[in-house]
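If you want the building blocks of each chain, they are given just below.
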Amino acid sequence: MEQVPDVLGYHKTVVSKIAHDMSLNLKVNGATHSLPEIDPQTPLLWVLRDTLGLVGTKYGCGISQCGACTVLLDGKSTKSCIFPVASVGDSEVTTIEGLASPSGELNALQKAWVDLDVAQCGYCQSGQIMAAESLLRTNPNPEDEEIDSAMASNICRCGTYLRIRQAVKTAAKQNLSDDMGGE
Amino acid sequence: MTSLSYAGISELAEAVNGQRLHNSALDEFRVVKLDRRQFLKLTGVVGGGLMLASVAPRAHAQDSATFQPNGYLKIDSDGIQIFAKNPEIGQGVKTSLPMIVAEELDASWSDVQVLQAPIDTGTYGYQFAGGSMSIPTNYATLRNAGATARSLLIRAAANKWNVDKATLATQNSHVVDSASGRKLSYVELAGDAASLPMPSDGEVALKDPKQFRLLGTRLTGVDNEAIVKGEPLFGIDQSLPGLKYAVYQKCPAIGGTVSSANLADVKKMPGIVDAFVLEGNGNASELLPGVAIVANSTWEAMQAKKALRVEWDESDASKDNWEQASNEADRLRLENGQQQVVNQGDVDAALESSAGSASGFYKYHFVSHAPLEPQNCTASFKDGALVLWAPTQTPPQAIGSAARIVGVAPNKVTLNQMRCGGGFGRRLYNDFVCEAAAIAKHVGVPIKLQWTREDDIAYDLFRAGGFHQMDGSVDADGKITGWRDRFITFTADGNRPVTGGSLDASVFPNGLVPNMRVEQTSLKWTNRCAAWRAPGSNVFAFVVQSFLHELADAANRDHLEVLLEVLGEPRRLGRMHTGRASGVVKLAAEKAGWGRELPKGHGLGVAFYFSHQGYVAQVAEVGVGDPEGARQNRSGESVQQRKLYVHKITTATDVGPIVNLSGAENQVQGSVIDGLSTMMDLSVTFENGRVQETNFDRYRMLRMPSTPQVAVHFIDTGEFPPTGLGEPAFPPVAPAVCNAIFAASGHRVRTMPISEEGFYLA
Ligand code: FES
Ligand code: FES
């Protein structure tokens, strides 16, 4: 059993039933969840949101067009709205809830997003951050064009692209200087 | 139900003075601007009242140490809490409204915790997000709320120290006695302040704006951290014990009713709890007929919806057809219009005896709001009481509508205001709330209704398309002498044009040119149309500011010079102040380097618009590629394809003093990008009443690689009060870009989206 608080302080009880032959193990943000009987074709998005109560990953289009549902699968950005949960297999899923340190400290991207006041409505931003996270993991010091092409699969209806681009650059710089400092 | 009645909130977004919302749908909820005395009567509770505690879902139990002089703030041992009155839809009011309270309270922003205010019109007046009205209609009230609390805290300290309160000052959430060096925090003073009577009229002093420490600075959004951590904030994030998940299928042609449906098959599908037909309530902005499916998960509900087969009775359903409407407009533009909304001087004589002239047929398609969070609402109906968790822009109206739907009194409905994943006017209408309420009542368990993206676009209330035959003239001196606009718009009831689709005497350049006539003719239309970011202005600006350029060109004159000449001497013209208008035009031109030598193939275009009390001018710098060969557009015409580079858009805005500089800049940049996105390629077309583009694969918004630089400049002369910024920066984008295209290429764009004329963004 896992307790997932929601905005009103209610706790959603996530039942971990391991009974039916269709049960699946899903690794999310470092924890392994045993899913109850579930249609293996269910998109990962709805398992995260409805079953695990991880609602930071958003639904925007359901057809891989907007990026609101972006999560990392073994570090690579993936549209969870069209990704069947059964296909996750042994891969590690990272969602927006898994970026901060266990003590709650924001990572460089999250911090840049807060400090540069990127969000308007904020709805697209967890997907944007996950796409940026995937980029920085493979390309820690991207050029503007590389940022643009990595972020091209994410829509921001409010039009915050300029600040998103700036935040990605700020975070990249921060990561690099942290690395240097650590040597 | 044989006919479709539609009670929208037509004038909401345009009722800019906040005195009163002229619409029957809002009769119960007037926005009343209170003077301070009335305000205190309404919200002031001697001794720190219980009002908020009684309605706030999570308000702490009231105790004597809780200081709560009005609904906007509360100080107790938990610290300082400020309540954000209106829905947050991305326009930033959850941060900017509390900033105003904190400023006059003289609280340190870092000491302040901001909470969404409960929906309680008795305490707050009408609570809504629309028409860029949150700032102008609440500014004075919020300053008073903060200043009232501050004056009581000072009095509490004066009593405690037994000194004259005039010798005390406040600083960073403390009352300080500079003579003795003593100080007490607001939290320490809360209990004493709570027991004081409300201050008299003369006792509450507002700050001199020169002393502002918070207003005008750059503060980051209060929900930023929760957003980047993915915490539950939005309507779609709600969860309740025992929650079930619902979807609702309506007739793809608005107005159709359910003849039959394969409910038995659907109910057999995995995870399905129930499936049933709901009759509409006859109000198309509340509950349309359809089939509800309730399931154990969103996905199972969506799968069942795909398997649902409904036979619709479409005898009264929409037959709307965009192509037919276009053809009809093409014919009507040659005739006199049904109605004259402006008739100044003798426009026919002016057009006949001109030294130069211009004519053009302008056209713009329907578009959808498409906020990124598809409509949803969580509802629980139990023991005759309805509880809603709704991402709405008009919560009091949602309460009224939902109460009617489930047949209870409005005071049996509690609405928890959720952060909205975008609004743009879509959530002024509460059809999704009504559906959720009806479904929750039917099934008797809490449900979350989730619209798919396809639902969200297909059942939107659209920004109407429209057509303008423009004719104008200039004299031998190059001055504009005649301006005629034959506007062909749409009507739902055969009488009044749809919201956002009517012109009136405030249209530019009425009052600025000697002879002008605006004619209006309406085509019948069934699909719902409504307020869409900067209603009316969002399309009219494109037409009139482009056509002004056409006339400047006919006179062989510089567009900027003509625009400034038309605006003329600083004076009031209706709601507009022409001096403020010229001010932003000059600043944008200066910052963009109007008149400078440009690289080959580049062009500069300028446009100005006044909307929602805001003055915005923009200069676009673009480059246009060579024709690349012809392709068919949506309308089946063969058009040359050309690449468009939008290098930079320079903006100048006058909305009076800025509340939050970070938020204001974000709104301008976002509006420009939204404006560019919408003008480039957004269109919904209709065939047999059905929307043809229902997801982002065919409704293609601008993405990061096409985002131009946007320079933001503000003017504040100190003479005018602050006004809102959710909308005014949108309208000038399309004409500025199209005027720049003309300057760069000689091609006059007269259709939005401009992809219809072959342009696509590099
Ligand atoms: S919801 Fe997955 S890409 Fe839009
Ligand atoms: S911030 Fe609203 S969609 Fe991106």
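Definitions and cut-offs
Residues numbered from 1 in each chain as written. Chains lettered and ligands numbered in written order. Predicted model: local features only at pLDDT ≥ 70, side-chain atom pairs only at ≥ 80, totals over all residues. Heavy atoms only, no water. Helix = DSSP H or I, 4+ residues; strand = E, 2+ residues; numbered from the N terminus. Phe/Tyr/Trp six-rings, centres within 6.5 Å; stacked < 30°, edge-to-face > 60°. Buried < 20%, exposed > 50% of the residue type's maximum accessible area, 1.4 Å probe, protein only. Pairing = 2+ DSSP bridges. Domains from an automatic or database assignment. Contact = heavy atoms within 4.5 Å. Buried area = accessible area lost by both parts, 1.4 Å probe. Salt bridge = Lys/Arg side-chain N within 4 Å of Asp/Glu carboxyl O. Polar contact = N/O pair within 3.5 Å; in protein donor to acceptor, adjacent residues only side chain to side chain. Nonpolar A, V, L, I, M, F, W, Y, C, P; charged D, E, K, R; others polar.

Draft legend 1. Spatial organisation of unusual backbone geometry. The amide bond that connects F508 of chain B to the next residue, P509 of chain B, takes the cis arrangement and shows omega of 0°. Residue position: P509 of chain B is located in the loop between strand 20 (480-491) and strand 21 (515-524). Cis geometry is adopted by the peptide bond preceding P753 of chain B, which originates at M752 of chain B and carries an omega value of 0°. Tracing the backbone shows P753 of chain B in the loop between strand 32 (751-752) and strand 33 (759-761). One non-glycine residue, N29 of chain A, lies in positive phi territory at about 50°.

Draft legend 2. Quick peek at the packing of aromatic side chains. All names here are of chain B. One pass over the structure, following the stated rule, counts 19 aromatic pairs over all chains. Between W322 and F467, the aromatic rings sit 5.4 Å apart at their centres with planes inclined by 15°, giving stacked as the arrangement. Of this pair, W322 sits in helix 10 (residues 322-332) while F467 sits in strand 19 (residues 466-474), placing them 145 residues apart in sequence. A single burial state applies to W322 and to F467, both of which are buried.

Draft legend 3. Focus on the pairing of strand 16 (residues 385-390) of chain B. All names here are of chain B. Bridge count between strand 15 (residues 376-382) and strand 16: five bridges; the pairing is antiparallel. Bridge pairing in strand 16 places K382 opposite A385. Between strand 15 and strand 16, which pair antiparallel one after the other, the connecting turn spans two residues, and D383 there sits at a positive phi close to 50°. Bridging between strand 16 and strand 17 (residues 413-417) involves five bridges; their strand directions are parallel.

Draft legend 4. Inspection of the domain arrangement of chain A at higher detail. Residues and elements named next belong to chain A. Parsing chain A into structural domains produces domain 1 (24-98) and domain 2 (108-179). For domain 1 and domain 2, the distance between their C-alpha centres works out to 21 Å. Counting residues at the interface gives 17 residues for domain 1, matched by 13 residues for domain 2. Together domain 1 and domain 2 conceal approximately 1,200 Å² of surface at their shared face, both sides included; 58% is due to carbon and sulfur atoms. Viewed at the interface, domain 2 and domain 1 are joined by zero salt bridges. Seen at the junction of domain 1 and domain 2, the total is five residue pairs in polar contact (both at pLDDT 80 or more). At the level of secondary structure, the elements contributing two or more residues to the side of domain 1 that touches domain 2 comprise strand 5 (70-73) and strand 6 (76-79). Residue composition of the side of domain 1 that touches domain 2, by class: six nonpolar, eight polar and three charged.

Draft legend 5. Just the interface of chain B and chain A, in detail. Counting from both sides, the interface comprises 65 residues of chain B and, opposite them, 57 residues of chain A. Here chain B and chain A share an interface that buries about 5,100 Å² over both sides, 59% of which is from carbon and sulfur atoms. Connecting chain B to chain A are four salt bridges. A salt bridge links K58 of chain A to D237 of chain B, with the shortest nitrogen-to-oxygen separation between them at 3.2 Å. Seen at the junction of chain B and chain A, the total is 28 residue pairs in polar contact (both at pLDDT 80 or more). Elements with a contribution of two residues or more to the side of chain B that touches chain A: helix 7 (224-229), helix 9 (298-307), strand 18 (447-450), helix 14 (453-458) and helix 18 (661-681) of chain B. Per-element tally for the side of chain B that touches chain A: the top contributor is helix 18 of chain B, with nine residues.

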